[in-house]
Amino acid sequence: MTTPVLEVTGLSRFFGGLPAVRDVSMRIPAGERRLLLGPNGAGKTTFFNLVAGDFQPSQGEIRIFGHNVTRKSANQRTHLGMARTHQIITLLSKNTLLHNVVISLVGLRQIRFNPWSDLRRQTQLWDQARATLALVGLEDLADRSVAETSYGERRRLEIAMALAQKPKLLLLDEPLAGLSADERQDVQRLLQSVPRDVTVVMIEHDMDVALAFADVITVMQHGQVVVEGSRADVVADPRTREVYLGH
Amino acid sequence: MNFWIIQGLNGLAFGSLLFILASGFSLIFGLMRIVNLSHGAYFMLGAYVGLSAIGAGVNFWIAILIGGGAISILGILIERFILRRLNGQPLAQVLVTLGIAFIIADTCVWIWTGDPRPLPMPRELAGAFRVSNLAFPIYRLFVIGVAFALAAALWFLLERSRLGAMIRAGVDDLAMARAMGIRTSLLFSAVFCLGSALAGAGGVLAGPILSVYPGLDSDMLPLALVVVILGGVGSLLGAFVGSLIIGFIYSYGQALFPDLAYVILFLPMVLVLTLRPTGLFGRQAI
Amino acid sequence: MRAPSFNLLSSLTAIAALLALPWLVTSDYYVNIASQVVIAAILALSLNLLIGFGGMISLGHAAYLGVAAYLSIYLTAHAGFGHLAGALIAIGATTGLAMLFGYLALRASGLGFLMITLALGQILWGVAYRWASLTGGDNGLGGLKRPHPFGFNLMDPAVFYYFALAFLGIALWCIARFVQSALGQSLQGTRDQPRRMRALGYNVWLIQWLSFVFAGFWGAVAGLLYAYYHQFVSPQTLHLTTSAETLLMVIAGGSGTLLGPMVGAALVVILKNVVSAYITRWLILLGVIFVVIVLFMPEGLVPGITRWVRSLSSRPRADKAADTPSVVKEPAQ
């Protein structure tokens, strides 16, 4: 049996007395497209933040590529091959798109500790960044500052930055939120282009895109996993209806 | 043996003065997230105002009220007309309070000159309390009593009064408190007024023990900071325990190795920051 | 990354003026002021690494100025060390102090960081004030003779000025390279979006700590020059007032650039010297300037005036006060 890319056991996180995530366990094998569904407040983003390392769980264990990362920081997990996007886009808005991608590339390289060599002279990095932007159709905006781009462009940039690090595990937190119909199509195309050997875990409310994208769906409510299975199983399951409609 | 008891009581007395100062500072920081770097200057100005009041013939107790009252008015004016304009910019508020601290401190030198002035002790509390072969100034025992009474009063205010409930709500979650209808701007003014009054009154109370001198603000402010770092943000108990700990450390340090008394102050800071950065009783990160 | 904010011609003119200063200005008094400005510029540049490029507001930076000064004077004038050895040990030990203080201060961020740096700085002042047997207490520590590097007589004001200017040149070069390097760019990224940087694989704490130590190192260099210039140091050098004056240099000049802190240093040093001749209440003026800048000109004097000058020319520019980095910009959580 091959090691699952992400394995979570008995994961819980309490804020004060409030259980945001309660005894969640999950195994995601390599190459799977996993969708996390659930109403607002179900604990999906908290779960993401726990997996990504933004904060520590109250209980439970997280393993990424077989390594126990429960006590490891977010940047350490990234070095294992994980990348993520955030619900609220946080980019270096005073810098250009190209600069943002370069920062993303540098994050995994030794050069990030170099206090002397001019970063602008690292031509291979800048070329690679330009190529990355071309992959997502943003190469014309390469030298524009992020502050001067549209929301959809920023979302694509964010995903491009994550993909630039060639992750093996990609966490996407509502990649389609707040996008217009055209922008949604662009991002959808982008998601389809992600290589099949990359494991993707996605939180999304846009049902059409999400259901088409996913292999396995996990439905959460009140911090717990309620239903888990293939698309057909989850859609047919009466508990899914209960979660969304209350009966 | 006597030495340890006397120094312990001295530590308690100094810690008590520190608590009167630090409690106001901690309330303001805990609720309003304002690091009021003028707080030491308020303490000093209150002492000078009390000094002048006594010089004008007013008795000690009235002087405390005048000192506290004057600073509370100053505090309200600063909060209302300067700090409130910088709402949502805590760093800007810090820098402004720093500037105000300099203005107040230098104005004090201007008005009262650079000579240290002892504040006359009230006659009723002069002299020493004797038990077996120990003698300890009554005034210092009084100050210790004041701090404990203040701690109790603040506890009562915070835990048992409506105002206190609002303050605690604001400290826990300001946005939520506002959403629940608490008039936070009024609350801020009230807390800032209380904190300033405590600082001013505290200065007068400290006068007979520490004297009043330029630089009193620079001596006291960092100690208040260390108390909050040590005791934790938003915790009255933390401010109380922290003040006493610093009081003891400073007092024993002064007596045992006067040259190094300040070096010892590093120690609780290093320990707390390394082992428990939220402070002894703090719930939020500093 | 932006191109330098002044063009080649103005920078060459400025460099020429700096080099020619002792001939342009005849009086020794003014050359000495220029030396003070140069030393302050190094200190302000080092603090700006933290404030402008790192987004970490420190109110305890005078610690590195003062400790390096005390150590070099003590070692060289009182403990029998040679000038070079004393200088190296002073700078090395002060940098070590920056490692410790950086660790302690970075246990918090934002306001907590500020409080810790202030407290540590003031405790150091208290130590210098009270440990009279070591530091001379309120009387300070003196007796340092200026060194004679390669036979140059540093007692000559012009020669000392060039000596200090050389250090400023080196400091500026190193700091400029740092700012444009991968580490410097990551530092600026952590200033703007720490959470994003963590997600991208950066060890934000380590980046901040390394920058803190680097800033402390250059503060120590300024302290060494300070000791040579004044040949004396007192606890006042470690006081919050000195840290505040350094902070003022950064925010007066504008924290987003390398030029800003240097201009700010000139403004503050000249103001202080001029004002002291007329009024004794420098602190009140310092306080008022702080309040005015924070309330009305948070991006700093230099960017504010640059913006105003640009708006007078016909081309409308996109940058407004909102775009220039402000020292009182609240750090991203």
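These numbers were taken from a predicted model, which means no experiment stands behind them. (Residues numbered from 1 in each chain as written. Chains lettered and ligands numbered in written order. Predicted model: local features only at pLDDT ≥ 70, side-chain atom pairs only at ≥ 80, totals over all residues.)

## Notes on the nonpolar core
No. 1: With 286 residues, the main nonpolar core has Ala224 and Ile229 of chain B together with Ile42 of chain C as its most contacted residues.
No. 2: In terms of residues, this core owes the most to one element, helix H2 (residues 28-53) of chain C, which gives 17 residues.
No. 3: The contacts of Ala224 of chain B, once residues within four sequence positions are left out, are Leu18, Leu21, Ala22, Phe25, His39 and Gly40 of chain B. (Core = buried A, V, L, I, M, F, W, Y, C linked by C-beta atoms within 7 Å. Buried ≥ 20, exposed ≤ 12 C-beta atoms within 10 Å, placed from the backbone. Helix = DSSP H or I, 4+ residues; strand = E, 2+ residues; numbered from the N terminus. Contact = placed C-beta atoms within 7 Å.)

## Structural notes on the interface of chain A and chain C
One frequently used descriptor of interface size is the decrease in accessible area upon assembly of the parts.
No. 1: Each partner contributes to the interface: chain A provides 25 residues, whereas chain C provides 21 residues.
No. 2: Where the side of chain A that touches chain C is concerned, the elements lending two or more residues are helix H2 (74-79) and helix H3 (97-106) of chain A.
No. 3: Of the residues in the side of chain A that touches chain C, the class split is 12 nonpolar, nine polar and four charged. (Nonpolar A, V, L, I, M, F, W, Y, C, P; charged D, E, K, R; others polar.)

## Structural notes on the arrangement of the chains
No. 1: The protein chains that touch form two pairs of chains, and the pair with the most contacts between them is chains B and C.
No. 2: If you take every C-alpha in chain A and every C-alpha in chain B, the smallest gap between them is 10 Å, and the two do not touch.

## Some words on the pairing of strand E2 (residues 18-28) of chain A
All names here are of chain A.
No. 1: By the bridge criterion, seven bridges tie strand E1 (residues 6-15) to E2 in an arrangement that is antiparallel. Looking at E2, one finds that Glu7 is bridged to Arg27.
No. 2: Counting the residues in the hairpin turn of E1 and E2 gives two residues, including Gly16, whose phi is positive at 65°. (Pairing = 2+ DSSP bridges.)

## Some thoughts on the confidence of the model for chain A
No. 1: Scored by pLDDT, chain A comes out at a mean of 92, with 99% of its residues at no less than 70.
No. 2: Looking across chain A, the model is least confident in helix H7 (residues 207-213) of chain A, with a mean pLDDT of 81, and most confident in H3 of chain A, with 97. (pLDDT = per-residue confidence, 0-100.)

## Things to note about the sheet that holds strand E3 (residues 33-37) of chain A
Picture the strands of a sheet paired through backbone hydrogen bonds; they go either parallel or antiparallel.
All names here are of chain A.
No. 1: With respect to topology, six strands assemble into an open sheet ordered E6-E7-E8-E3-E9-E10, the strand pairing being mixed. Lying at the two open borders of the sheet, with one neighbouring strand each, are strand E6 (82-84) and strand E10 (224-230). Across the sheet, the axes of successive neighbouring strands diverge by a mean angle of 15°, strand direction being ignored.
No. 2: Both E3 and strand E8 (residues 199-203) contribute to a ladder of four bridges, which runs parallel. Considered in E8, the bridge of Arg33 is made with Val200. (Axes fitted to C-alpha atoms, helices over the stretch in contact; angles between N-to-C directions.)

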